[in-house]
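# Fold and contact review
Here is how the chains run, residue by residue.
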Amino acid sequence: VQLQASGGGLVQAGGSLRLSCAASGRTFSSYGMAWFRQAPGKEREFVSAIRRSGGSTYYADSVKGRFTISRDNAENTVYLQMNSLKPEDTALYYCAAGRSIILSAISRVEQYDYWGQGTQVTVSS
């Protein structure tokens, strides 16, 4: 699976962005998908995840109520709608795909087999 993230940019605090992650291959629906982010000098951190069918979603506490993850299995794409953005949301955002994700470890980097190249989100104050 190859992943291509897009949609990042520069936005003022309180603004919105929608990230997209397009996946290659015909087995997209077999993968749980997630978004992680990494700010300079910090570890990569979990943002959100969605199960294969899209029926269940998970969020980090820091983005709950502001971000929404969704997927379109017909289009092989996962999205992250980000509203009410804050300067602390500034980071490089990565999408990731995992074939056999353990639910209790859904936020762990090692659960994911494939990673996109990242798209930069910068929120100005």
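The coordinates are above.
Residues numbered from 1 in each chain as written. Predicted model: local features only at pLDDT ≥ 70, side-chain atom pairs only at ≥ 80, totals over all residues. Heavy atoms only, no water.

## Some words on the sheet that holds strand β8 (residues 77–82)
An order of β1-β3-β8-β7 is seen for the four strands of this open sheet, with the pairing classed as antiparallel. At either end of the open sheet lies a strand with only one pairing partner, and these are β1 (3–6) and β7 (67–72). With strand direction ignored, the average angle separating the axes of adjacent strands in the sheet is 15 degrees. Here β7 pairs with β8 via six bridges, running antiparallel. By the bridge assignment, F67 is partnered in β8 with M82. (Pairing = 2+ DSSP bridges. Helix = DSSP H or I, 4+ residues; strand = E, 2+ residues; numbered from the N terminus. Axes fitted to C-alpha atoms, helices over the stretch in contact; angles between N-to-C directions.)

## Observations concerning the nonpolar core
Counting 36 residues, the largest nonpolar core has M33, W35, F67, V78, L80, M82 and Y93 as its most contacted members. Secondary-structure elements contributing two or more residues to this core are β1, β3 (17–23), β4 (32–38), β5 (45–50), β7, β8, β9 (91–98) and β11 (119–124). (Core = buried A, V, L, I, M, F, W, Y, C linked by side-chain atoms within 4.5 Å. Buried < 20%, exposed > 50% of the residue type's maximum accessible area, 1.4 Å probe, protein only.)

## So, the packing of aromatic side chains
In the structure shown here, the tally under the stated rule is five aromatic pairs. Their ring planes at 75 degrees and their centres at 5.7 Å tell us that F36 and F46 sit as a pair that is edge-to-face. In this pair, F36 is assigned in strand β4 and F46 in strand β5, connecting sequence segments 10 residues apart. Classification of F36 by relative accessible area gives buried; the value is 0%. Under the relative-accessibility criterion, F46 is labelled buried at 13%. Ring plane angle 75 degrees and centroid distance 5.4 Å describe the contact between F36 and Y112, whose orientation is recorded as edge-to-face. One end of the pair, F36, is in strand β4; the other, Y112, is in the loop between β9 and β10 (114–115), with 76 residues separating them in the sequence. Grouping residues by exposure puts F36 and Y112 together as buried. Among the aromatic side chains, those forming a connected cluster through ring pairs are F36, F46, Y112 and W115. The ring of W115 has R44 sitting right over it, with the charged end atom 4.9 Å from the ring centre. A cation over a ring is seen here: R71 above F28, with NZ or CZ 4.4 Å from the ring centre. (Phe/Tyr/Trp six-rings, centres within 6.5 Å; stacked < 30°, edge-to-face > 60°. Lys NZ or Arg CZ within 6 Å of the ring centre and 35° of its normal.)

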